[in-house]
Amino acid sequence: MRAILAILWTEQTAGPVLTQATRLARRLDGRVTGLAIRPAFESFVPSGDFGLALSQEYLDRLQQDGTARLTKLKSLFEAHIGAEKLTADWIEAQGPSADAIAATGRLFDIAVVARPDVGGSAE
């Protein structure tokens, strides 16, 4: 098990995920790849009782927030990997999380992911 995938969702969970992934990499002489996923907001269709449409301005803000989140996660990843002096790769995927993880995860020996937040979003 040398190919290790670290799935990064939030700034709060990135540290513990990266700590475990780098421990495994050191122990197994492995390589860590970070994965962050951006939802495909352009295909987002809201549902509900009122049938509200989202403005382009709101969708643009979601896209900007997604870009900022991935930029921050990449920065945290690079800082952690640099401090550990490991070689690593970074992947950004777009679309449904389950699809991105399934497509990417099958190329790795093990995936490290944070426990789900009971009160959080399924995405």
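Thresholds applied
Residues numbered from 1 in each chain as written. Predicted model: local features only at pLDDT ≥ 70, side-chain atom pairs only at ≥ 80, totals over all residues. Heavy atoms only, no water. Helix = DSSP H or I, 4+ residues; strand = E, 2+ residues; numbered from the N terminus. Buried < 20%, exposed > 50% of the residue type's maximum accessible area, 1.4 Å probe, protein only. Contact = heavy atoms within 4.5 Å. Areas by Shrake-Rupley, 256 points an atom, 1.4 Å probe, with all protein chains shown as cover. Pairing = 2+ DSSP bridges. Axes fitted to C-alpha atoms, helices over the stretch in contact; angles between N-to-C directions. Expected span 1.5 Å × (residues − 1). Arc of directions from axis to C-beta. Core = buried A, V, L, I, M, F, W, Y, C linked by side-chain atoms within 4.5 Å. Salt bridge = Lys/Arg side-chain N within 4 Å of Asp/Glu carboxyl O.

## Regarding the overall build of the protein chain
Helix and strand counts for the protein chain stand at 3 helices and 4 strands. Helices and strands appear in the protein chain in the N-to-C order β-α-β-α-β-α-β. Looking at the protein chain residue by residue over its 123 residues, the buried ones come to 32%. Look at the contacts in the protein chain between residues 6 or more apart in sequence, and 80% of them connect residues 24 or more apart. Taken as a whole, the protein chain presents about 8000 Å² of accessible surface, with 54% of it coming from carbon and sulfur.

## Let's talk about the sheet that holds strand β3 (residues 88–94)
One open sheet holds the 4 strands; their spatial order is β3-β2-β1-β4, and the pairing between them is parallel. Each end of this open sheet is capped by a strand with a single partner; those strands are β3 and β4 (110–113). The mean angle between the axes of side-by-side strands here comes to 25°, regardless of whether they run parallel or antiparallel. The sheet contact formed by strand β2 (residues 31–38) and β3 spans 7 bridges and is parallel. Note on β3: the bridge partner recorded for A36 is E92. Against the sheet, helix α1 (residues 11–28) contacts β1 (3–8), β2 and β4, and its axis sits at roughly 175° relative to β1. Relative to β2, helix α2 (residues 56–84) is tilted by about 170°, and along the sheet it contacts β1, β2 and β3.

## A look at α1
Here α1 is 18 residues long and its end C-alpha atoms lie 26 Å apart, about the 26 Å a rise of 1.5 Å per residue gives. For α1, the set of buried residues is A14, V17, L18, A21, T22 and A25. Mapping the buried residues of α1 onto a view down its axis gives an arc of 130°, with all of them on the same face. Turned more than 90 degrees away from the buried face of α1 sit Q12, R23 and R27, all of them exposed.

## As for the nonpolar core
L8, V32 and F77 are the most contacted members of the largest nonpolar core, which totals 18 residues. Those elements that place two or more of their residues in this core are β1, α1, β2 and α2. In terms of residues, this core owes the most to one element, α1, which gives 5 residues. For L8, the contacting residues outside a window of four places in its chain are A14, V17, L18, L35, A36, R69, L73, F77 and W90. Counting 7 residues, the second-largest nonpolar core is a separate cluster that includes L5, L35, I37 and A100.

## Regarding α2
Taking 1.5 Å of rise per residue, 29 residues should cover 42 Å, and α2 covers 42 Å from first to last C-alpha, within 8% of that figure. Taken as a whole, α2 has its buried residues at L59, L62, G66, L70, L73, F77, H80 and I81. Contacts made by the buried residues of α2 are with β1, α1, β2 and β3. Trailing α2 by a residue or two, K85 shows a phi angle of about 55°, which is positive.

## A look at the pattern of salt bridges
Throughout the structure, instances matching the rule amount to 4 salt bridges. Residues E84 and R26 are paired through a salt bridge, measuring 3.3 Å at the closest nitrogen-oxygen approach. Remark: R26 occurs in helix α1 and E84 occurs in helix α2; sequence separation between them is 58 residues.

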